[in-house]
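Here is what each chain is made of, one letter per residue.
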Number of protein chains: 2
Amino acid sequence: MKKLINAPDAVVAEALAGLAAAHPDLLRVHFNPDYIVRADAPVRGKVALISGGGSGHEPLHGGFVGRGMLDAACPGAIFTSPVPDQMLAAARAVHGGRGVLQVVKNYTGDVMNFEMAAELAAAEGITVASVVTNDDVAVRDSLYTAGRRGVGVTVLLEKIVGAAAEAGADLATCQRIADQVNAQGRSMGMALTSCTVPHVGRPTFDLPADEMEIGIGIHGEPGRTRLPLAPAAAVAELLARPIIDDLPLRRGDHVLAFVNGMGGTPLIELYLMFKELTGILAGQGITISRSLVGSYITSLEMAGCSFTLLKLDDELTRLWDAPVLTPALRWGM
Amino acid sequence: MKKLINAPDAVVAEALAGLAAAHPDLLRVHFNPDYIVRADAPVRGKVALISGGGSGHEPLHGGFVGRGMLDAACPGAIFTSPVPDQMLAAARAVHGGRGVLQVVKNYTGDVMNFEMAAELAAAEGITVASVVTNDDVAVRDSLYTAGRRGVGVTVLLEKIVGAAAEAGADLATCQRIADQVNAQGRSMGMALTSCTVPHVGRPTFDLPADEMEIGIGIHGEPGRTRLPLAPAAAVAELLARPIIDDLPLRRGDHVLAFVNGMGGTPLIELYLMFKELTGILAGQGITISRSLVGSYITSLEMAGCSFTLLKLDDELTRLWDAPVLTPALRWGM
């Protein structure tokens, strides 16, 4: 196992300490229970957005804490759900009197623990709503999921709903926009290599040198199929078609196109994949109005990528464009 | 070779097409000769900054084209210097009447070709100055270099001098600041794995599963030494001490601390390394005033990282903080 770490058990806490040290202007990190809050929390009169999940997907979610996006993020151990105490402590730290929206990726442990946290917060008088993202078209049920997995749409949702909350939207409006983003977005991913969970010390799965896994999950859980390695153009078709068919997207639609790296894939390949995606969408009469290219929801050092397409309207476009200031996404301020 | 590409010879052009498609608001790409220019080029009355070098180091340099940073970038083939025709065409496209500053990393081919381009541009009446970055403390001479190699400081220099040019500084001032940044910055890198150049198809070097290379170059060229794998804290010492000693940094100094990923290392490990670096610097009485953590000057999918420390003063800090709007670095606008 070749990693820049000290000890498997210390990875999350030490990386959080680094995050805090690198961005004192944007966020603060609380340990035991672990959570990250924006530097100016709590913001009075604003709906608070809280997300979280297993670590190993950085910059998700801690890298999205800051003005115009998340108020708090709760990191679990690597690929392990955070516990309700984290979300409860985060809710206490960030709620500003207008309620909390939990952004939860659809994994059984995450959903269960966020539900428990919501009940505990409600018992303390904090109003909590939730959205569960389930945008992965690859598989219906999976190793860790009843229903579809939540993946790339989560990033876009946190940005868009974060902008709405920052602009003063109430909890019901934030919930409506969150549900809309989840309904209008779909993703599909693939892997060229496995990742290695530090405390396991060996690759999560074996993938021969001449094969790739299509429909991979962000924890290395199985996807749809294994195929021989193929050119980027063919890989792009395998990822884009199921998304286009599932939404479905139609001629004349405008989308945000998000090409995401899994952690070990360099940017030059992601831009190459984006070029392939633009060709496919142009051929369908679908317009890319906005784009995001980079490694934003990762699986440790896994090599591979995912596509996410979000159908845009004027409201979502305006919220995407709104200023944001976090470690991983920042523009307009 | 597991890569998201179509054909080795097409990688650079296809990735450039993707860059152009993803960022039409920020930049334009010209093919044959290949160069990238900011969308509003030429900017009249502004010193133009041009950089370039072999591809495979993305986002360097194309991802730094835009307001407040580079006016143009010239990408060569993977790990291969661009040719003078590219720099000359870029100079014609972006010069705004106040001269051109070339930002060149110290590799023999790059230096020679940028010098030739400068002569050709001068013959057309374009005033050209140059800075050659040589911040890598690892080795004095190397496979591709007489003297030290130019690495991470190049990123910081392009941002800082780009801000000066954007604010209206003349060519002599841009040159002075560029020379100062290069003089006050040092870097050192390491690798856990090799990268594979697409048209070669096999790893650039063999690195056993239990070893790491300290002082690695950004093309996989040899560093100082191979050592058994070590904890992150020990790796951080091996990278930071030579920088601190070489500059030298002294108690009371303020620095910009840049922890850079080599392309295949995930963000969680980079933040962990940043935490280690903060501890070392704090122990020396050196203050981290600004920071940058991420993969900004890469070696394809190589796993590893580099540290760059830049001694700051008020002027450099102000220029670092100034607004920038490029694909890879953006804040304040």
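Just so you know, these numbers come straight off a predicted model, no measurement behind them.

Some details on the relation of the copies chain A and chain B
Thinking step 1. When chain A is fitted to chain B, the best match, at an RMSD of 0.0 Å, comes from turning it 180 degrees and sliding it 0.0 Å along the axis. Both copies are brought into coincidence by an operation consistent with a two-fold rotation axis. Nearest to the rotation axis, the C-alpha of G264 of chain A is located 2.0 Å from it, this being the minimum over chain A.

Examining the confidence of the model for chain A
Thinking step 1. When the pLDDT values of chain A are averaged, the result is 97; 100% of them are 70 or greater.
Thinking step 2. Both scores are available for the predicted complex, with the pTM at 0.98 and the ipTM at 0.98.

So, the packing of helix α5 (residues 171-184) of chain B against helix α8 (residues 314-321) of chain B
All names here are of chain B.
Thinking step 1. Interaxial distance between α5 and α8 falls to 12 Å at its minimum, and their mutual angle equals 100 degrees. Classified by the interaxial angle, the pair formed by α5 and α8 is roughly perpendicular. Each of R176, I177, Q180, V181 and Q184 in α5 lies in contact with α8, whose residues at this interface are E315, L316 and L319.
Thinking step 2. Its residues assigned to classes, the contact of α5 with α8 comprises four nonpolar, two polar and two charged.

What about the sheet that holds strand β3 (residues 48-55) of chain A?
All names here are of chain A.
Thinking step 1. Reading across the sheet, the six strands line up as β1-β2-β4-β3-β5-β6 and stay open at both edges, with mixed pairing between neighbours. Unpaired on one side and paired on the other, β1 (27-30) and β6 (128-133) mark the two borders of the sheet. Strand-to-strand twist in this sheet, taken as the mean axis angle between neighbours without regard to direction, amounts to 20 degrees.
Thinking step 2. Both β3 and strand β4 (residues 72-78) contribute to a ladder of five bridges, which runs parallel. For S51, the partnering residue across the bridge sits in β4 and is A73.

Observations regarding the packing of helix α6 (residues 232-246) of chain A against helix α7 (residues 267-283) of chain A
All names here are of chain A.
Thinking step 1. Orientation of α6 relative to α7, taken along the N-to-C sense of each, is 55 degrees, at an axis distance of 9 Å. Between α6 and α7, the crossing angle belongs to the class labelled oblique. Regarding α6 and α7, the two cross each other, and that crossing is right-handed. Residues A232, A233, V235, A236, E237, A240, R241 and I244 of α6 touch α7, and the partners they reach there are L272, M273, E276, L277, I280 and L281.

A closer look at the environment of G125 of chain A
Thinking step 1. For G125 of chain A, the position within the fold is in the loop between α3 (108-123) and β6.
Thinking step 2. C-alpha of G125 of chain A to C-alpha of G99 of chain A: the two residues are 26 residues apart in sequence and 9.5 Å apart in space.

Observations regarding the packing of aromatic side chains
Thinking step 1. Under the criterion given, the structure shown has six aromatic pairs over all chains.
Thinking step 2. One aromatic cluster in this structure is built from F64, F258 and Y296 of chain A.

Remarks on the interface of chain A and chain B
Thinking step 1. Chain A puts 58 residues into the contact, and the matching count from chain B is 58 residues.
Thinking step 2. Note on chain A versus chain B: buried area summed over both sides is about 4300 Å², and carbon and sulfur give 67% of it.
Thinking step 3. Three residues stand out in chain A for area buried against chain B, namely K2, L4 and I268 of chain A, and they jointly supply 22% of the buried area on that side.
Thinking step 4. If you look at where chain A meets chain B, you find zero salt bridges.
Thinking step 5. Secondary-structure elements contributing two or more residues to the side of chain A that touches chain B are α1 (11-22), α6, α7, β11 (287-294), β12 (304-311) and β14 (330-331) of chain A.
Thinking step 6. Examining the composition of the side of chain A that touches chain B, we find that 10 residues originate from one element, α7 of chain A, more than from any other.
Thinking step 7. Among the residues making up the side of chain A that touches chain B, the classes are represented as 35 nonpolar, 12 polar and 11 charged.

With respect to the pairing of β3 of chain A
A regular strand carries its side chains on alternate faces of the sheet.
Residue and element names in this part refer to chain A.
Thinking step 1. Counting buried positions along β3 yields eight of eight residues, so the element is predominantly enclosed.
Thinking step 2. Judged from the four bridges that link them, β3 and strand β5 (residues 100-105) form a sheet pairing that is parallel. Looking at the pairing, I50 lines up with Q102 of β5.

Here is what the cut-offs are and how they apply
Residues numbered from 1 in each chain as written. Chains lettered and ligands numbered in written order. Predicted model: local features only at pLDDT ≥ 70, side-chain atom pairs only at ≥ 80, totals over all residues. Heavy atoms only, no water. Least-squares fit on C-alpha atoms with pLDDT ≥ 70 in both. pLDDT = per-residue confidence, 0-100. Axes fitted to C-alpha atoms, helices over the stretch in contact; angles between N-to-C directions. Helix = DSSP H or I, 4+ residues; strand = E, 2+ residues; numbered from the N terminus. Parallel < 35°, antiparallel > 145°, perpendicular 65-115°, else oblique. Contact = heavy atoms within 4.5 Å. Nonpolar A, V, L, I, M, F, W, Y, C, P; charged D, E, K, R; others polar. Pairing = 2+ DSSP bridges. Left-handed = near helix turned anticlockwise from the far one by under 90°. Phe/Tyr/Trp six-rings, centres within 6.5 Å; stacked < 30°, edge-to-face > 60°. Buried area = accessible area lost by both parts, 1.4 Å probe. Salt bridge = Lys/Arg side-chain N within 4 Å of Asp/Glu carboxyl O. Buried < 20%, exposed > 50% of the residue type's maximum accessible area, 1.4 Å probe, protein only.

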